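Results of the structural survey
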Amino acid sequence: MLDLIVLAGGKGTRLRTVLPDMPKVLAPINGKPFLDIILAFINRYISIKKVILAVGYKSEMIIKRYKNCQQYGFDILFSQERQLLGTGGAIKKALAISDTEQVLVMNGDTFVEIDIGDLVRLHKKNNASITIALKETDDAARYGSVQIDDNKRVVFFGEKEAGNVRGLINAGVYLINKGLFDNVESGRVFSFEKEMLPELVGGNVYGYVVHGRFIDIGVPSTYDMAQEYLKEYSDR
């Protein structure tokens, strides 16, 4: 069994021009909330029995929609931040209500077509402390590139920069060992991607390259693209 944490607490500042009064995860894709699309995709994996929504900004809107939700094969719980904790702090807080030793973590503003069963197998095979979903793109500079060696071990996290560079990027899905956060102070505000991941390079950090669809809706241009790109999923 595997618990899933969905990071759904951000303010979505860059989307304010198109979504002034709504958290990003509820952004409509052809009339359907983006988070509905993520949860429906996850629902195909019977190994996931608990989904923890790490909520903060306008959390009441998210809780209202998904509280007592019965349409999925997993329970939905909420880890509510009174003060925004950043992605790292949000994971730490949500882990307190997780029951599994390995936990899947996903960004709530990103859709990734990923074989979770394959991800879990690779994680266990490598005895990894964290396995990160990676996606090859022509726009790696926008996200910050990730480099792996021949054994798929992560050896470098690059900074965001200008220009079009083909390479691997962090796709925003992680399989982590819960103990990774044991020494993190509760209530600490920090970025998992910027502050914690670079410190783990050289340890048992592996990459899992995905070949399916990938899109984040964090800026107006990609949010507009998602309407067509995810039409197959939003029509279900």
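Here goes a summary of the coordinates provided.

Cut-off values and rules
- Residues numbered from 1 in each chain as written.
- Predicted model: local features only at pLDDT ≥ 70, side-chain atom pairs only at ≥ 80, totals over all residues.
- Heavy atoms only, no water.
- Buried < 20%, exposed > 50% of the residue type's maximum accessible area, 1.4 Å probe, protein only.
- Helix = DSSP H or I, 4+ residues; strand = E, 2+ residues; numbered from the N terminus.
- Arc of directions from axis to C-beta.
- Contact = heavy atoms within 4.5 Å.
- Salt bridge = Lys/Arg side-chain N within 4 Å of Asp/Glu carboxyl O.

Okay, helix H6 (residues 192-200) next. The set of residues buried in H6 consists of Phe-192, Met-196, Leu-197 and Leu-200. The buried residues of H6 all sit within an arc of 95 degrees when viewed along its axis, so they share a single face. Away from its buried face, by an angle of more than 90 degrees, H6 presents the exposed residues Lys-194 and Glu-199. Residues of H6 that are buried in the fold lie against helix H3 (86-95), strand S8 (130-137), strand S10 (154-157), strand S11 (167-177) and strand S12 (205-210). Of the residues trailing H6, Gly-202 is marked for its positive phi of about 100 degrees.

With that out of the way, let us pick up the pattern of salt bridges. For the structure on display, the rule yields ten salt bridges. For Arg-65, the salt bridge goes to Asp-36, with nearest N and O atoms at 2.7 Å. Of the two residues, Arg-65 sits in helix H2 (residues 59-66) while Asp-36 sits in helix H1 (residues 34-42), which places them 29 residues apart along the sequence. For Arg-65, a relative accessible area of 43% translates into the label partly exposed. Taking relative accessible area as the criterion, Asp-36 reaches 9% and is therefore assigned buried. A salt bridge links Arg-166 to Asp-138; the nearest nitrogen and oxygen atoms lie 2.4 Å apart. One end of the pair, Arg-166, is in the loop between S10 and S11; the other, Asp-138, is in the loop between S8 and helix H5 (140-143), and 28 residues separate them in sequence. The structure contains a network of salt bridges with shared partners spanning Glu-113, Arg-213 and Glu-232.

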